[in-house]
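# Breakdown of the fold
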Amino acid sequence: MNTVVDVHKMVYSRLCTLPRQVLSSFDTTNGSAVTRRGTPMGSMKPPAGSGVPNDSQQSNHGPATVNWAAVRPQLSATVLQCISKDTTAAYSQLVAFLTKDRSGLIVNQNGWTADDDPPDEISIVMARLGVGTVDGFIWRKKGGPRWAPESDLIDIDSHLTITLLSGQLVAVQTNGSAIKERLTRWVHQDGKECWRLIPVEVSMSCLADGSLKGINMRGTHRRRSTKPDSQSLGGIRLQDSLDPTRDSSYALRSGRSNLPDDPQRTALRGTIGMTPRDSSIWSCGPTPDFSTFITSVAEALVFIEKHLAETEPFLGELAILAREVEDPDEVHGAYEVSVLAPEDLPQEPVPDDDLLAAAALLQRAVFMAPVADPTGPGFTVEVGLDGATGGSLSFRPVAEGNGVRLRIGVVGAASDMTRVRPIIEALRNGDLMNVYYRSGHALTNGQFHQEHTTPFPFRNWRFHDFTGYLIDHEKPIPTASDQAIHDAIGVPGDQSLFSWVVHHYSDGWLVCDDGAEEVADFVHLAKDGTLTLIHVKGANSRGPRRHVSATAYEQVTSQAIKNMPFTNLEKLSARLMKPRVSRPACWTDGKRVLDRSEFLAMLSICDDTCRKEVVIVQPHVSEATCRRVHAESADNQPAGDDVWRLRRLDSLLNAAQTAVVGRCDNLIVIGSQT
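## A closer look at a positive patch on the surface
Together, Lys100, Lys141, Arg182, Arg185 and Arg428 give the surface a local cluster of positive charge. With respect to the secondary-structure elements, Arg428 resides in the loop between helix H10 (421-427) and strand S23 (433-437).

## Some remarks on the packing of aromatic side chains
Considering all chains together, one arrives at 10 aromatic pairs under this definition. Between Phe379 and Phe395 the ring centres are 5.0 Å apart and the planes differ by 10°, which places this aromatic pair in the stacked class. Of this pair, Phe379 sits in strand S20 (residues 379-385) while Phe395 sits in strand S21 (residues 388-400), placing them 16 residues apart in sequence. Classification of Phe379 by relative accessible area gives buried; the value is 1%.

## As for the side chain of Ser573
Among the structural elements, Ser573 can be located in helix H14 (residues 569-576). Given a relative accessible area of 16%, Ser573 falls into the buried group. Apart from the residues lying within four places of it in its own chain, the contact partners of Ser573 are Leu600 and Leu603.

## Some points on the side chain of Asp135
With respect to the helices, strands and loops of the structure, Asp135 is situated in strand S7 (residues 131-143). Here the side chain of Asp135 touches Tyr91 through a polar contact of 2.5 Å, side chain to side chain.

## Concerning the nonpolar core
Side chains of nonpolar character tend, in soluble globular proteins, to be buried together. Counting residues in each nonpolar core, the largest one holds 48 residues, and the members touching the most others are Val131, Leu164, Ile304 and Leu318. Among the elements that make up this core, the one with the highest residue count is helix H8 (residues 290-308) (nine residues). Judged by nonpolar contacts, the second largest core, of 33 residues, contains Ala334, Ala359, Ala365 and Phe448.

## Side note on the packing of helix H13 (residues 551-562) against helix H17 (residues 641-661)
One can describe the packing of H13 onto H17 by two numbers: an axis separation of 11 Å at closest approach and a directional angle of 5°. It follows from the interaxial angle that H13 and H17 lie roughly parallel. Between H13, through Thr551, Tyr553, Glu554, Thr557 and Ile561, and H17, the contact on the second element is made entirely by Arg648, Leu649, Leu652, Leu653, Ala656 and Ala659. Looking at the contact of H13 with H17 residue by residue, the class counts come to seven nonpolar, two polar and two charged.

## Some thoughts on the packing of H14 against helix H15 (residues 597-605)
At a minimum axis distance of 11 Å, the contact between H14 and H15 shows a crossing angle of 165°. The orientation of H14 relative to H15 falls into the category roughly antiparallel. By crossing handedness, the relation of H14 to H15 is classed as left-handed. Side by side, H14 and H15 meet where Leu569, Leu572, Ser573 and Leu576 of the first sit next to Phe599, Leu600 and Leu603 of the second.

## A closer look at the sheet that holds strand S26 (residues 461-464)
The strand order across the open sheet built from eight strands is S26-S33-S32-S29-S28-S27-S30-S31, with neighbouring strands paired in mixed fashion. One side of each edge strand has no neighbouring strand; the edge strands of this open sheet are S26 and strand S31 (591-593). Recorded for the sheet is a direction-independent mean angle of 25° between the axes of neighbouring strands. As paired strands, strand S28 (residues 522-525) and strand S29 (residues 531-536) are joined by four bridges and run antiparallel to one another. Bridging from a neighbouring strand, Phe522 pairs with Ile534 of S29. This element, H13, spans S26, S29, strand S32 (612-622) and strand S33 (666-672) of the sheet and lies at about 170° to S32.

## Points about the confidence of the model for the protein chain
The predicted model of the protein chain averages 81 in pLDDT, with 84% of residues at 70 or higher. Here residues 1-64 is modelled with pLDDT under 50, and outside its nearest four sequence neighbours on either side it reaches 170 contacts, counting other chains as well. Throughout residues 103-116 the model reports pLDDT below 50, and contacts reaching past four residues in sequence, or to other chains, amount to 48 contacts.

## Observations regarding the sheet that holds strand S25 (residues 447-450)
Ordered in space as S16-S25-S24-S23-S17, the five strands form an open sheet in which the pairing is antiparallel. A single partner strand is all that each edge strand has here, and the edge strands are strand S16 (323-324) and strand S17 (334-339). The pairing of S17 with S23 spans five bridges and is classified as antiparallel. Note that in S23 the partner of Val339 across the bridge is Met433.

## Observations concerning the pairing of strand S13 (residues 250-258)
Extensive coverage of S13 is indicated by the burial of seven of its nine residues. With eight bridges connecting them, strand S11 (residues 211-219) and S13 associate as antiparallel partners. The residue bridging Met217 from the neighbouring strand is Leu252, located in S13. As defined by bridge partners, S13 adjoins strand S14 (residues 271-275) across four bridges and the pair is classed as antiparallel.

## Here we look at H17
With 21 residues, H17 ought to run about 30 Å at 1.5 Å a step, and its terminal C-alpha atoms sit 30 Å apart, in line with that. Within H17 the residues assigned to the buried category are Asp642, Val643, Leu646, Leu649, Asp650, Leu653, Asn654, Ala656, Gln657 and Val660. Buried residues along H17 cover an arc of 165° about the axis, so they all sit on one side. Along H17, exposed side chains directed more than 90 degrees from the buried face belong to Asp641 and Trp644.

## Considering the pattern of salt bridges
Scanning the entire structure with this criterion turns up 23 salt bridges. Residue Arg580 pairs with Asp513 through a salt bridge whose shortest N-O separation is 3.5 Å. Here Arg580, found in the loop between H14 and strand S30 (586-588), pairs with Asp513, found in the loop between strand S27 (509-512) and S28; they are 67 residues apart in sequence, far enough to count as distant. Take Asp513: its relative accessible area is 2%, and that puts it in the buried class. For Asp608, the salt bridge goes to Lys612, with nearest N and O atoms at 3.5 Å. Judged by relative accessible area, which is 65%, Asp608 ranks as exposed. In this structure Lys612 comes out as buried when scored by relative accessible area, which is 10%. Among the ionic contacts, a cluster of salt bridges with common partners joins Arg223, Asp229 and Glu336.

## Here we look at the environment of Pro260
When you line up the elements, Pro260 lands in the loop between S13 and S14. Residue classification places Pro260 among the partly exposed residues on the basis of a relative accessible area of 40%. Along the backbone, Pro260 and Asp209 are 51 residues apart, and their C-alpha atoms lie at a distance of 7.6 Å. When sequence neighbours within four positions are dropped, the list of residues in contact with Pro260 reads Asp209, Gly210 and Arg265.

Scoring rules and cut-offs
Numbers given to residues run from 1 along each chain, matching the order in which its sequence is written. In keeping with the model being predicted, local features are shown solely for residues with a pLDDT of at least 70 and side-chain atom pairs are shown and tallied solely at 80 or more, while totals for entire chains, interfaces and linings include all residues. The side-chain quantities take in all heavy atoms of the structure and omit both hydrogens and water. Patch membership is restricted to residues that have no salt bridge and whose relative accessible area is over 30%. Joining uses 9 Å for like charges and 5 Å for the nonpolar side chains Val, Leu, Ile, Met, Phe, Trp and Tyr. Only the protein chains shown count as cover for residues, and all accessible areas are computed by the Shrake-Rupley method using a 1.4 Å probe. Note on definitions: salt bridges are taken to be side-chain nitrogens of Lys or Arg within 4 Å of carboxyl oxygens of Asp or Glu. None of His or the chain ends enter the tally, which takes Lys and Arg as positive and Asp and Glu as negative. Charge placement uses NZ in Lys and CZ in Arg. For Asp and Glu, CG and CD serve respectively. Strands are runs of DSSP state E lasting at least two residues, helices are runs of H or I lasting at least four, and both sets are numbered from the N terminus onward. Note on ring pairs: Phe, Tyr and Trp rings are taken, using the six-membered ring of Trp, and paired if centres are within 6.5 Å. Classes follow the plane angle, with under 30 degrees stacked, over 60 edge-to-face and the rest tilted. Note on exposure labels: buried denotes an accessible area under 20% of the residue type's maximum, exposed denotes more than 50%, and partly exposed covers the range between, all computed with a 1.4 Å probe on protein chains only. Contact between two residues is taken to exist if any of their heavy atoms lie within 4.5 Å; hydrogens are not considered. Any pair of N or O atoms that falls within 3.5 Å is considered a polar contact. Within protein, one atom must be able to donate a hydrogen and the other to accept it, and sequence-neighbouring residues count only if both atoms are side-chain atoms. Grouping buried Ala, Val, Leu, Ile, Met, Phe, Trp, Tyr and Cys residues that are joined through side-chain atoms within 4.5 Å yields what is termed a nonpolar core. As a rule, the C-alpha atoms of each element are fitted with a line to give its axis, helices using only the stretch in contact, and angles between N-to-C directions run from 0 to 180 degrees. Roughly parallel means an angle under 35 degrees; roughly antiparallel, over 145; roughly perpendicular, 65 to 115; everything else is oblique. Nonpolar residues are Ala, Val, Leu, Ile, Met, Phe, Trp, Tyr, Cys and Pro. Charged residues are Asp, Glu, Lys and Arg, and all others, Gly as well, are polar. Here a crossing is taken to be left-handed if its near helix is turned anticlockwise relative to the far helix by less than a right angle, and right-handed if that turn runs clockwise. The criterion for strand pairing is that DSSP finds at least two bridges linking the strands in question. As a per-residue measure, pLDDT tells how confident the predictor is, with possible values from 0 to 100. Here the expected length of a helix is defined as 1.5 Å per residue gap, with one fewer gap than residues. The directions considered for the arc are those from the helix axis to the C-beta atoms.

Printed below as a string of structure tokens:
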């Protein structure tokens, strides 16, 4: 069945320049604006021969009246940056593309230029946020349903497109992945001299500005049963849960972030989503009215513009994820391809029917093992449908805008194009294919990625002042009996790290469990209910020029991981009820008490909602040394011994963090300031 496009309304023209009464009622049956008094404000009749349906043709589709003040779009916009010196001409070129011939129908671009002031609420937005122009149109698509394409049944879909220009940025609000795909291809081809997508790292820095609530990631690692191909995570603040050991082989597809409060943002508040590869931003629900929608879009552009102005976009913990590869010459040896199923697609924003249908069709596809080009990232694959092959396709990755596009061609004469053509069409609808290379790279999310192999710095160092304490003395009397050690902790003259713990954790309830089969050296219960298992180890040296040492942390880290089961409250309570010495050292608010009874009473009140932490006190590494070594590492000079030692230590502590957060909230390592 032929597709018919019926344009209802063009250019809310400059949508924001219409007087309030025009906004309240727009009758697209005859293409004219009508005031509340019924007086025509201007004609939208298309010129003869333009291809736009005349009045009688439009009426065949039934009347369609749009009250723009009541339009409630859900923010889902592609954001473009103008790179031309003539923004006005570039914007006109963009609007011309968006309104050009669709199935033989040409859209009139003139609209209105009203002398009246815009509505008050729109005028305020334009003045406050620097909005230059807003255009919009609605078009109608008529066709048969997917499930009965050859029947006489007719589905009619109405599509909305709105463009908002602010400074050098424009937001293009559309519904439908097909329109967005066409827009992206246009930007990379005909529009590349005037427009570009927002750089991926800028979009990622926008997400890192808030608390990540959801992320969708695709793996770049070799596919294996022991590690997921993709991950979709949700949580309170996912930056804190990203793990350098586990997640460094995943590339970000999309994310949702809860933005911090900003008095300059009145409509763009709460959670927003971004898909960096597509340069898109979206909200999680419809706006209450059209004025709020315009405000949200304008504030989104201001928000993105702020991050564009940063010299070095701040990615925070998102820097853990797989790195983008800028030089495709590094990539070679394609050995496996995979395609996404409908259930693997990010659910926010909601994928449209075209994308879901393409992903579903690819589940019926046959992909034989790829034959890699002798050099470079290209490859050839024999493909087909429903268990039978129909021909071979060549895939040549080409750089395009923010990433890489697969240029697809048919190799030779296909034996059955009916089994090949649908696959070509489906693969052109979004980034639905992943390609894995022997060079250790993967083409995913429309970009070459490689696992982040440089150890990510351990995030949870806390550096404290140990003045007055001997950082290489763990216990007050190292060779004494367990009871003698308990008796000597914190007494006058004790300069050991055990004494430092007593003074540092002087608020709440603290017990020492040092000895064979210990839970930890100390267990602390804060007044806010935070339970902390504290493991202590003396530095290898107290000299100011001591080098980094991963070995100094290995034993105490291993002990901390081994004793993780004691974060279970029932198991912890049972063990502490049976002290191995007759007078275990205990303190309440920094004052020594006779026994553990008060601690155990307070512990019995706790439940699984209490925060639990593991702390390692090992002051061998100083803050000054960390800063010096990280600076050396950032200079791109050959790594010295301390750089390699710190990387090894980072790997050790990051792996320990992974084990710890599997059972409780966090691992903190305490070093010295000097």
